[in-house]
Amino acid sequence: MSAVILLVWASCCYASPETLIFYSYHNAPPFIINSDSASGLNYDFVKAMQLAVGEKYTIEYQFIDRVALNQRLAEDKPTILMWANPKWFDVQGLNFSWTQATFLDSDVVVSLRSSSFKYEGQESLLGKTVGARAGHNYSAAVPLLGSEKIKRVDASSDEENIENLLSGKVDAIFIVRSSALYIARAKGYVPSLYMSKKPLYTYRRYLLLTHHYQHVMDDVDRAIMDLSDQFFWQKRLKLYDLNSL
């Protein structure tokens, strides 16, 4: 009997830590810079969170495109999603939990420095052609985007969006601030581009957890709060010129 008790005790004490998969559908820099070398904010955040939770959990990263993500959420599959915001996810009949915010970001309006277009709201875009990411909805800020009054040119990536601007195909582009800054610096575009001071949106990024992960919510929240004092994470935020909370 004592041997059985010892075996049960050993099994409990040396059980493998629970694996948490952190999904992200963000694949533009700085979120993914080079997938082969695992460089970029997605990988940095998973590393930072692993440092914060210690050996209690094993955290892994997995990319998922937005269509597959929407299907996964609709099917109520266990999901932990990085960089989300409650305004973007309203799946009928499902309630999600939201962690502490990770950092501040925004969607901005970028033009050529030679024109230095100053975005002041929808009225300032009338008569212009605007570049945007395919599949992204900006109707809350610019309802007329895609109409005859404000033409829209879609791009499959942020890099293509910026290239359309540089080639004169569009007058301005909508782009995530963190991506615009990284690409402009990496490609040497900074002297050619102008970022309007007024953003389209400013928002906090959170982790979305489906109901399957209620038991880890407190630990994940605590780890995120600990990141404010973590040297590695704060250094990465500074590198990408992101606004810490």
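I will try to describe carefully the structure that is included in this document. Predicted model, so just to flag it, every value in this text is computed and none were measured.

1. A look at the overall build of the protein
Helix and strand counts for the protein stand at seven helices and eleven strands. Each principal axis of the C-alpha atoms in the protein carries an extent, and together these give about 85 × 40 × 30 Å. Looking at the protein residue by residue over its 245 residues, the buried ones come to 44%. For the protein, long-range pairs separated by at least 24 residues make up 71% of all intrachain contacts whose partners lie at least 6 apart in sequence.

2. Some details on the environment of Gly 121
Among the secondary structure elements, Gly 121 is positioned in the loop between β5 (103-112) and β6 (129-133). A residue is classified by how much of its surface remains accessible, and Gly 121, at 13% relative accessible area, is buried. Distance in space between the C-alpha atoms of Gly 121 and Leu 200 is 7.9 Å, their sequence separation being 79 residues.

3. Quick word on unusual backbone geometry
Omega for the bond connecting Pro 29 with Pro 30 falls within 30 degrees of zero, at 5°, which places this linkage in the cis form. Mapped onto the secondary structure, Pro 30 falls in the loop between β1 (18-24) and α2 (41-53). Positive phi, normally seen in glycine, also occurs at Ser 116, with a value near 45°. Within the secondary structure, Ser 116 is located in the loop between β5 and β6. Take Ser 116: its relative accessible area is 21%, and that puts it in the partly exposed class. Positive phi is not limited to glycine here, since Asp 241 has a value of about 55°. With respect to the helices and strands, the residue Asp 241 is situated in the loop between α7 (231-239) and β11 (243-244).

Procedures and definitions
Here the residue numbers are simple positions, counted from 1 along each chain's written sequence. Whole-chain, interface and lining totals are the exception, using all residues; otherwise, since this is a predicted model, local features are given only for residues with pLDDT of at least 70 and side-chain atom pairs are given and counted only at 80 or more. Side-chain descriptors were evaluated using all non-hydrogen atoms of the structure, hydrogens and water having been removed beforehand. Runs of E in the DSSP output that reach at least two residues are strands. Runs of H or I that reach at least four are helices, and both are numbered from the N terminus. Relative accessible area decides the class of each residue, using a 1.4 Å probe on protein chains only: under 20% of the type maximum gives buried, over 50% gives exposed, and in between gives partly exposed. Contact definition: two residues touch when any of their heavy atoms are within 4.5 Å.

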